[in-house]
Protein chains: 2
Amino acid sequence: MNIGQASRASGISAKMIRYYEAIGLIPKATRSYSGYRHYDERDIHVLLFINRARAAGFSIAHIKKLLLLWQDRRRPARKVKQLATSHLKELREKISELQSIAETLSQLIAHCRGDDRPDCPILDTLSDKDATQEFAETSKPNRLHSSVRQSSSKQCVKTK
Amino acid sequence: MNIGQASRASGISAKMIRYYEAIGLIPKATRSYSGYRHYDERDIHVLLFINRARAAGFSIAHIKKLLLLWQDRRRPARKVKQLATSHLKELREKISELQSIAETLSQLIAHCRGDDRPDCPILDTLSDKDATQEFAETSKPNRLHSSVRQSSSKQCVKTK
DNA sequence: TTAAACCTTCCAATAATTGGAAGGTCAAGT
DNA sequence: ACTTGACCTTCCAATTATTGGAAGGTTTAA
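Residues numbered from 1 in each chain as written. Chains lettered and ligands numbered in written order. Predicted model: local features only at pLDDT ≥ 70, side-chain atom pairs only at ≥ 80, totals over all residues. Heavy atoms only, no water.

Draft legend 1. The overall build of chain A, seen in detail. In terms of helices and strands, chain A carries seven helices and two strands. If you list the helices and strands of chain A from N to C, you get α-α-β-β-α-α-α-α-α. Across the 160 residues in chain A, those meeting the buried criterion constitute 44%. When contacts within chain A are restricted to residue pairs at least 6 apart in sequence, those whose partners lie at least 24 apart make up 57%. (Helix = DSSP H or I, 4+ residues; strand = E, 2+ residues; numbered from the N terminus. Buried < 20%, exposed > 50% of the residue type's maximum accessible area, 1.4 Å probe, protein only. Contact = heavy atoms within 4.5 Å.)

Laid out in structure tokens, this is it:
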């Protein structure tokens, strides 16, 4: 099985499969005589696992841990649950953050007539110190390199 | 006003102020005799606008448009409302996407005893094709370079 | 005069993914 | 046998927003 077929079978782009290999998320693929990567059923199984974990919003770092646990015959379910729980917590935090932003924005929009006149409460709020208290309150400090993935994966299998 | 004071006054790090200048989001600052950037009240006003728009989850690209509208004395409120509305739509989509991921994960967690035995429905679901139908369904295709910002800004004013 | 606290530019890293160039390989059709 | 197209390879760069650091110049206060 070449990388293209593995890509179609797993839903992960060939580019990303190579990338996952480069960063050590998956072992180095065996190579054909002429250097083509070769994948078997078990490799696909792993790639599918990765794709589903990605779809569940896990970061690569988290998936790395999950893979180790998955491959450990004697793994304690406790550890997996811990990982998933802390991930869920992050997810929920991000959700409520986005929600409060959305609510504020929604209110601003509701108060804007949206006609051809320059009068606009949205811009007014963004430019007026006092009127924007809400933003400072609703948006909590948040780290850039959160392990909550920005978006779930596209299941990009070209069903040719 | 030097860049450090502008940073404290606006809540945007000096690094980012230079970056915003480099990408053309803000005009090039005037420089002192020895090359130090200099900011006045109006500059701070713009930076504050940017910081609030960032806190509202707008991407730099969106903020660029907002700034143009803001500075246009004859802007139609309609355009601003359109921009804000499409941004809100993206926000809501991201929220519901994250919510369905969170729900799925939450169910998996609920079914995991989380003891010292290796039996774990979380890993089982991630590794079993059929059991994971839900992931494929709940996670909609989604572009990486969405204009919904990953997280709102930290209001990082050192209140010295 | 010297030290601390600024400022400058430039370069690199982050996370995950995509794009493209330049070139090698394989299978099918002519 | 030869060409064509669809593969594959590696490497390098871009994306977004932000931070970190190095190496060096400036200002201010002691």
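Draft legend 2. A positive patch on the surface, seen in detail. A surface patch of positive charge is lined by K15(A), R18(A), K28(A) and R31(A). Within the fold, R18(A) resides in helix α2 (residues 14-22). (Patch = residues over 30% accessible without salt bridge, like charges linked within 9 Å, V, L, I, M, F, W, Y side chains within 5 Å. Areas by Shrake-Rupley, 256 points an atom, 1.4 Å probe, with all protein chains shown as cover. Salt bridge = Lys/Arg side-chain N within 4 Å of Asp/Glu carboxyl O. Lys, Arg positive; Asp, Glu negative; His and termini not counted. Charge placed at Lys NZ, Arg CZ, Asp CG, Glu CD.)

Draft legend 3. How the structure looks around the protein's contact with DNA strand D. In the vicinity of DNA strand D lie 21 residues, with G4(A), R18(A), K15(B), Y36(B) and R54(B) positioned nearest. A share of 63% of the atoms of DNA strand D within 4 Å of the protein falls on sugar and phosphate groups. Between R31(A) and DNA strand D, the recorded distance is 2.8 Å, taken from a side-chain N or O atom to a phosphate oxygen. Side-chain polar atom of S34(B) to a phosphate oxygen of DNA strand D: 2.7 Å apart, as the coordinates give it. For the surface near DNA strand D, the element with the highest residue contribution is helix α2 (residues 14-22) of chain B, accounting for four residues. For the surface near DNA strand D, the residue count by class is eight nonpolar, seven polar and six charged. (Near = heavy atom within 4 Å. Polar contact = N/O pair within 3.5 Å; in protein donor to acceptor, adjacent residues only side chain to side chain. Nonpolar A, V, L, I, M, F, W, Y, C, P; charged D, E, K, R; others polar.)

Draft legend 4. Region of interest: the pattern of salt bridges. Counted by the stated rule, this structure contains 16 salt bridges over all chains. R78(A) is paired through a salt bridge with D116(B); the nearest N and O atoms lie 2.4 Å apart. Linking R78(A) in helix α5 (residues 77-110) with D116(B) in the loop between α5 (77-110) and α6 (121-127), this pair reaches from one chain into another. Accessibility expressed as a relative area gives 32% for R78(A), which makes it partly exposed. Assessed through its relative accessible area of 53%, D116(B) is described here as exposed. Across the pair R113(B) and D115(B) runs a salt bridge whose closest N-O atoms are separated by 3.0 Å.

Draft legend 5. The protein's contact with DNA strand C, seen in detail. Around DNA strand C, the structure places 21 residues, and the nearest of them are K15(A), S34(A), R54(A), G4(B) and R18(B). At 2.6 Å from a phosphate oxygen of DNA strand C is found a side-chain nitrogen or oxygen belonging to R18(B). At a separation of 2.8 Å, a phosphate oxygen of DNA strand C approaches a polar side-chain atom of R37(B). If you list the elements that add at least two residues to the surface near DNA strand C, you get α2 of chain A together with α1 (3-10) of chain B. Of all the elements, α2(A) adds the most residues to the surface near DNA strand C, at four residues. Counted by class, the surface near DNA strand C contains eight nonpolar, seven polar and six charged residues.

Draft legend 6. Geometry of α2(B). All names here are of chain B. For α2, the complete set of buried residues consists of A14, I17, Y20 and E21. Within α2, the buried residues cover an arc of 120 degrees as seen down the axis, which keeps them to one side. Turned more than 90 degrees away from the buried face of α2, the exposed residues are K15 and A22. In this structure, the buried side of α2 is in contact with α1, β1 (30-31), β2 (37-38), α3 (41-55) and α4 (60-71). Note on α2: the residue one or two positions beyond its end, G24, has a positive phi of about 85 degrees. (Arc of directions from axis to C-beta.)

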